[in-house]
Amino acid sequence: MSPTDYKEQRLSRTEAKKHISKIMSQHPGNVRFSRHAIQELKNDDLTTTDALNVLKSHDAKINQDGEWENGNYRYRLETSNLTVVVGFWNDGTGLNLVTAWDKRKGGK
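Residues numbered from 1 in each chain as written. Predicted model: local features only at pLDDT ≥ 70, side-chain atom pairs only at ≥ 80, totals over all residues. Heavy atoms only, no water.

A. Inspection of the environment of Asp44 at higher detail. One can find Asp44 in the loop between helix H3 (35-43) and helix H4 (48-56). The exposure class assigned to Asp44 is buried, which follows from its relative accessible area of 13%. Spatially, the C-alpha atom of Asp44 lies 20 Å from that of Tyr75, the residues being 31 residues apart in sequence. In this structure, Asp44 is in contact with Trp101, Asp102 and Lys105, ignoring residues within four places of it in sequence. (Helix = DSSP H or I, 4+ residues; strand = E, 2+ residues; numbered from the N terminus. Buried < 20%, exposed > 50% of the residue type's maximum accessible area, 1.4 Å probe, protein only. Contact = heavy atoms within 4.5 Å.)

Following this line, the structure appears as C-alpha cells:
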C-alpha cells in the first residue's frame, strides 16, 4: 500500500480491525486523541484509558464500512458499552481517535 492509501482508500472492516490491532501491538504510542474526543470522553465520565482499552480489545468489532469524512476514512470500533471512531495516519503507522461515546448513556 502506498503511504496515502491508509487515509484515502477504504479498508474492509476486517482489514481495518487487523490494522488497529497491529498499531496497538507494534506502535501503541502512535495513538493521538482529538480535542473533540477528549471532551466527549470527559462528557461521558470516561478516560483515554477507556478508549485505549477499546482499541486493544479482541472483542471490539467494526460493524459498518468506513465512512469518508474530512479527507479520510473513519471506522467505528465498538464494544458492548463503548464506541470509538478512528482514522489512520497517512503512512499507516498510527491512528487518530476522533470521537468516542458511552452507548449506555444514550450516545450517538
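There's plenty left to go through after this.
B. A look at empty space enclosed by the protein. Considering all chains together, one arrives at one cavity of 30 Å³ or more under this definition. For the largest cavity, the calculated volume is near 30 Å³. Gln64, Asp65, Glu67, Arg74, Tyr75 and Arg76 are the residues that line the largest cavity. Among the elements that make up the lining of the largest cavity, the one with the highest residue count is strand E4 (residues 72-78) (three residues). (1 Å grid on protein atoms, 1.4 Å probe; cavity = no way out; pocket = protein on both sides within 12 Å on 5 of 7 lines; lining within 4 Å. Points joined across faces, edges and corners; volume = space filled by probe spheres on them.)

C. Representation of H4. Turning to H4, its buried residues number three or more, namely Ala51, Val54 and Leu55. In an axial view of H4, the angular spread of the buried residues amounts to 100°, which keeps them on one side of the axis. Considering only its buried residues, H4 is in contact with helix H2 (13-26), strand E1 (31-33), H3, E4, strand E5 (82-88) and strand E6 (95-102). (Arc of directions from axis to C-beta.)

D. Region of the structure containing the environment of Thr47. Relative to the helices and strands, Thr47 resides in the loop between H3 and H4. For Thr47 and Gly29, which are 18 residues apart along the polypeptide, the C-alpha to C-alpha distance reads 16 Å.

E. Representation of the packing of aromatic side chains within the structure. Evaluation of the coordinates by the stated rule reveals three aromatic pairs. When the centroid spacing of 6.4 Å and the interplanar angle of 75° are considered together, the rings of Tyr6 and Phe88 count as edge-to-face. One end of the pair, Tyr6, is in helix H1 (residues 5-8); the other, Phe88, is in strand E5, with 82 residues separating them in the sequence. Phe88 gets classed as buried once you look at its relative accessible area, which sits at 1%. For the pair Trp68 and Tyr73, a centre-to-centre distance of 5.0 Å together with 65° between the ring planes defines the contact as edge-to-face. Trp68 gets classed as partly exposed once you look at its relative accessible area, which sits at 48%. Residue Tyr73 is classed as buried on the basis of its relative accessible area of 16%. (Phe/Tyr/Trp six-rings, centres within 6.5 Å; stacked < 30°, edge-to-face > 60°.)

F. Focus on unusual backbone geometry. At Asp45, a residue that is not glycine, the phi angle is positive and equals roughly 60°. Following the sequence through the fold, Asp45 ends up in the loop between H3 and H4. Classification of Asp45 by relative accessible area gives exposed; the value is 63%. Phi at Asn70 is positive, roughly 50°, even though this residue is not glycine. Relative to the helices and strands, Asn70 resides in the loop between strand E3 (67-69) and E4.

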